[in-house]
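An overview of the molecular structure
So the chains spell out like this:
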Amino acid sequence: MNNKVTVERVERKGGRLWLHVDDVPVPLANVTPKRHMLVDSDGLAFVYILETDDRFLYVIIPKQWWPELKAAFAKEETIWLESGGTSVELEQFGEELAYLLENIRGNANYGEALERAVQEVFFC
């Protein structure tokens, strides 16, 4: 069984970008960063994958938080997920984001809306 959680707020402090979520279906202490990201073209979101022994946990990062991602990316800050006082580093986030941005740029395979949104936020 796979689960999704959506980032509800973000903050930058201590040289890190903190992605905050509520109601995580598995304790963050039990997840391992997959070091891989996907995109949700229809939902205009980036998706970071965490895993446990028996499931994946998809961390959905909607477009509204992309300006914060861009700022953290520019400063090479690490990205952390936090819920209920527990946190986990989203390892290789910057590398995965860079890869996706370059692949999406000018590539209609991701859908025009996603391509346009990425262009507006990350390349303007």
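See the structure printed just above.
Everything in this summary refers to the structure shown in the same document.

Each value, and the rule that gives it
Residues numbered from 1 in each chain as written. Predicted model: local features only at pLDDT ≥ 70, side-chain atom pairs only at ≥ 80, totals over all residues. Heavy atoms only, no water. Helix = DSSP H or I, 4+ residues; strand = E, 2+ residues; numbered from the N terminus. Rg over C-alpha atoms; globule rule 2.2 N^0.38 Å. Buried < 20%, exposed > 50% of the residue type's maximum accessible area, 1.4 Å probe, protein only. Contact = heavy atoms within 4.5 Å. Salt bridge = Lys/Arg side-chain N within 4 Å of Asp/Glu carboxyl O.

**As for the overall build of the chain**
Helices and strands together make up the secondary structure of the chain, namely three helices and eight strands. When the helices and strands of the chain are read in sequence order from the N terminus, they spell out β-β-β-β-β-β-α-β-β-α-α. Computed over the C-alpha atoms, the radius of gyration of the chain is 14 Å, within 12% of the 14 Å expected from 2.2 N^0.38 for a compact globule of 124 residues. Evaluated residue by residue, the chain yields a buried proportion of 41% over its 124 residues. Restricting to contacts in the chain with at least 6 residues of sequence separation, those with at least 24 account for 54%.

**Some words on the pattern of salt bridges**
Overall, the coordinates contain five salt bridges when judged by the stated rule. Ionic pairing is found between Glu91 and Arg35, a salt bridge with its closest N-O pair at 2.7 Å. Here the residue Glu91 occupies a position in the loop between strand S8 (86–89) and helix H2 (93–104), and Arg35 occupies one in strand S4 (residues 32–40), the gap between them amounting to 56 residues. On the accessibility criterion, Glu91 (25% relative accessible area) is partly exposed. Two residues, Arg55 and Asp54, come together in a salt bridge whose shortest N-O distance is 3.7 Å. Judged by its relative accessible area of 21%, Arg55 falls in the partly exposed class.

Fair warning: the whole summary comes from geometry, so function is off the table for now.
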